[in-house]
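Breakdown of the fold
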Amino acid sequence: MTSLLALPLNTAATCCATCTSYCACKTLSSSCELSITTSRFIYLAFLFISIILAILLQNFGQPIYIDIEYSFFQYKHTLCPYQCMGTEIVYRISIALTTFYILMSLLTSTISTFSTNAQTKYWVLKFTFLTSLITLSPLLPQEFIISWSILCRYASILFMLIQMCILIDFGYTLNNKLVSYDGILWESCIILISIGLYVAMIIMICTIYSNITYGILVLSGNVLMTAISISPIAPHGTLITSGIVTFQIAYYYLIGYQASSHINTLLGGFFTALSLTFTAYSTSKTNVFHYNSIDNVNELMLLDSKIILDEESQVVLPHEQNDNQIKKNENVVSGFYHITLALSSMYMPILLIGFDDNNSIHTEIIVSQIFGALLYTWTLIAPTLFPNRDFD
């Protein structure tokens, strides 16, 4: 009799287990397809949510104590005695994020249907994988965390250069957008934003830079770049782009001097969020030149920068490819976007923790400032030095 009752129960249990595993499998492999731009914002949301989690655990994380006593049984154990709080958890979440985005860059680095599907589908599986990486990160040995902290310092240089390219593109795009509205109000906005950035840059150098010689060199370099951008040498230069670049170069010093301050975290977080959001929004490649050689057009001089108008007095804007122009059957490569997010994940500990020593001037900061200034200067003078080359 017992065996007869066990048979249907076993059958029901097997059916329930099969259905549960099937539903879980279908959920994890759900192929909910999103657009390219929406997908980029989802990946960006993964990054921002993880950074918020790192900030919360860094400041409010506590060890997890397990104390079980029952009759003659007693169990005491401490989970994450130091791994889930302070600077430790920031580095561990950084490792999890970097691993996730490097894997995504490998999966989306080819022009194929597979890469496109990997970019735009299987969101539950991706979220589960990233959550698992963060959950398992406290198991990493301390020696690896020390090595990772050193690697982050040098990887941050590469990210700051990429970020500079994005901010240059953003500056030109913002200038072109404001000019396209064709009104004194919008031209005044360009002037006010530019003046505000320059004033903030000067105040930052005068009040925060402890080394006077260093501050004078940075200020002189920023003035020189601005002079080039509004001179005939760079007819495509704009004042607002120069303001953004000079402020960013001056700000780099805060990473070393006040690395753990709230000012550094807020400014760094703002510029990082701005650059990454602009990258996610723009479906075309980053353009740091914004230079077009157009014949037989009218020219309007604004702050010594040339605004090119066509015969109908409409601003000629750079071509932007949007999602409506991307056909459903077109495969898109997104590997570099994920590499950018991976580098930003390695840059995150620099913003939240900073450098571990008390030296106010760091080699990494100086290198980032020099290469950032050279990069922007090159974008200004290259079209003049090579007039026959297409920079679009």
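Preceding this paragraph is the structure being described.
Bear in mind the structure is a predicted one, so any value in this text is a computation, not a measurement.

Along the protein chain, the regular secondary structure elements total twelve helices and four strands. Residue burial in the protein chain is summarised as follows: out of 392 residues, 43% are buried. Considering only contacts within the protein chain whose residues lie at least 6 apart along the sequence, 80% involve residues at least 24 apart. Surface exposure of the protein chain reaches about 21,000 Å², of which carbon and sulfur atoms provide 68%.

A few words now on the nonpolar core. Core analysis: the largest hydrophobic core is formed by 74 residues, its most contacted members being Tyr43, Phe100, Tyr101, Tyr251, Ile255, Leu341 and Tyr347. In terms of residue count, the dominant contributor to this core is helix α6 (residues 142-180) (13 residues).

Counted under the stated rule, the structure contains 15 aromatic pairs. Seen from their ring centres, Phe100 and Phe129 are 6.3 Å apart, and the 40° between their planes marks the pair as tilted. Residue Phe100 is found in helix α3 (residues 86-107), and its partner Phe129 is found in helix α5 (residues 123-136); the two are separated by 29 residues along the sequence. Residue Phe100 is classed as buried on the basis of its relative accessible area, which comes to 1%. Take Phe129: its relative accessible area is 33%, and that puts it in the partly exposed class. Summarising the aromatic geometry, the rings of Phe144 and Trp148 are spaced 6.4 Å apart at their centres and angled 20° between planes, so their arrangement reads as stacked. A residue pair is termed a helical-turn pair when its members lie 3 or 4 positions apart in one helix, as Phe144 and Trp148 do in helix α6 at four residues.

On to helix α11 (residues 335-352). The first and last C-alpha atoms of α11 sit 26 Å apart over 18 residues, in line with the 26 Å expected at 1.5 Å per residue. Within α11, 16 of the 18 residues are buried, leaving the element largely enclosed by the surrounding structure. Where α11 ends, the next residue or the one after it, Gly354, has phi of about 85°, a positive value.

Attention now moves to the environment of Leu224. By the element assignment, Leu224 lies in helix α8 (residues 212-229). The exposed category is assigned to Leu224, whose relative accessible area is 55%. C-alpha of Leu224 to C-alpha of Ala373: the two residues are 149 residues apart in sequence and 10.0 Å apart in space.

Of note in the backbone geometry, Tyr122 takes a positive phi value of approximately 60° without being a glycine. On the secondary structure map, Tyr122 appears in the loop between α4 (113-120) and α5. Owing to a relative accessible area of 29%, Tyr122 belongs among the partly exposed residues under this scheme.

So, about a nonpolar patch on the surface. Nonpolar side chains collect at one region of the surface, where Tyr181, Ile184, Leu185 and Trp186 lie side by side and expose about 440 Å² of accessible area between them. Looking at the secondary structure, you find Ile184 in helix α7 (residues 184-208).

Moving on, we come to the packing of helix α2 (residues 36-60) against α5. Across the interface, α2 lies against α5 with an axial gap of 12 Å and an inter-helix angle of 25°. Relative to α5, the element α2 is oriented roughly parallel. In terms of crossing hand, the pair formed by α2 and α5 is right-handed. Across from Ser39, Ile42, Tyr43, Phe46, Ser50 and Leu53 in α2, the residues of α5 making contact are Trp123, Lys126, Phe127, Leu130 and Ile134. Across the contact of α2 with α5, the residue classes tally to eight nonpolar, two polar and one charged.

What counts and how
- Residues numbered from 1 in each chain as written.
- Predicted model: local features only at pLDDT ≥ 70, side-chain atom pairs only at ≥ 80, totals over all residues.
- Heavy atoms only, no water.
- Helix = DSSP H or I, 4+ residues; strand = E, 2+ residues; numbered from the N terminus.
- Buried < 20%, exposed > 50% of the residue type's maximum accessible area, 1.4 Å probe, protein only.
- Contact = heavy atoms within 4.5 Å.
- Areas by Shrake-Rupley, 256 points an atom, 1.4 Å probe, with all protein chains shown as cover.
- Core = buried A, V, L, I, M, F, W, Y, C linked by side-chain atoms within 4.5 Å.
- Phe/Tyr/Trp six-rings, centres within 6.5 Å; stacked < 30°, edge-to-face > 60°.
- Expected span 1.5 Å × (residues − 1).
- Patch = residues over 30% accessible without salt bridge, like charges linked within 9 Å, V, L, I, M, F, W, Y side chains within 5 Å.
- Salt bridge = Lys/Arg side-chain N within 4 Å of Asp/Glu carboxyl O.
- Axes fitted to C-alpha atoms, helices over the stretch in contact; angles between N-to-C directions.
- Parallel < 35°, antiparallel > 145°, perpendicular 65-115°, else oblique.
- Left-handed = near helix turned anticlockwise from the far one by under 90°.
- Nonpolar A, V, L, I, M, F, W, Y, C, P; charged D, E, K, R; others polar.

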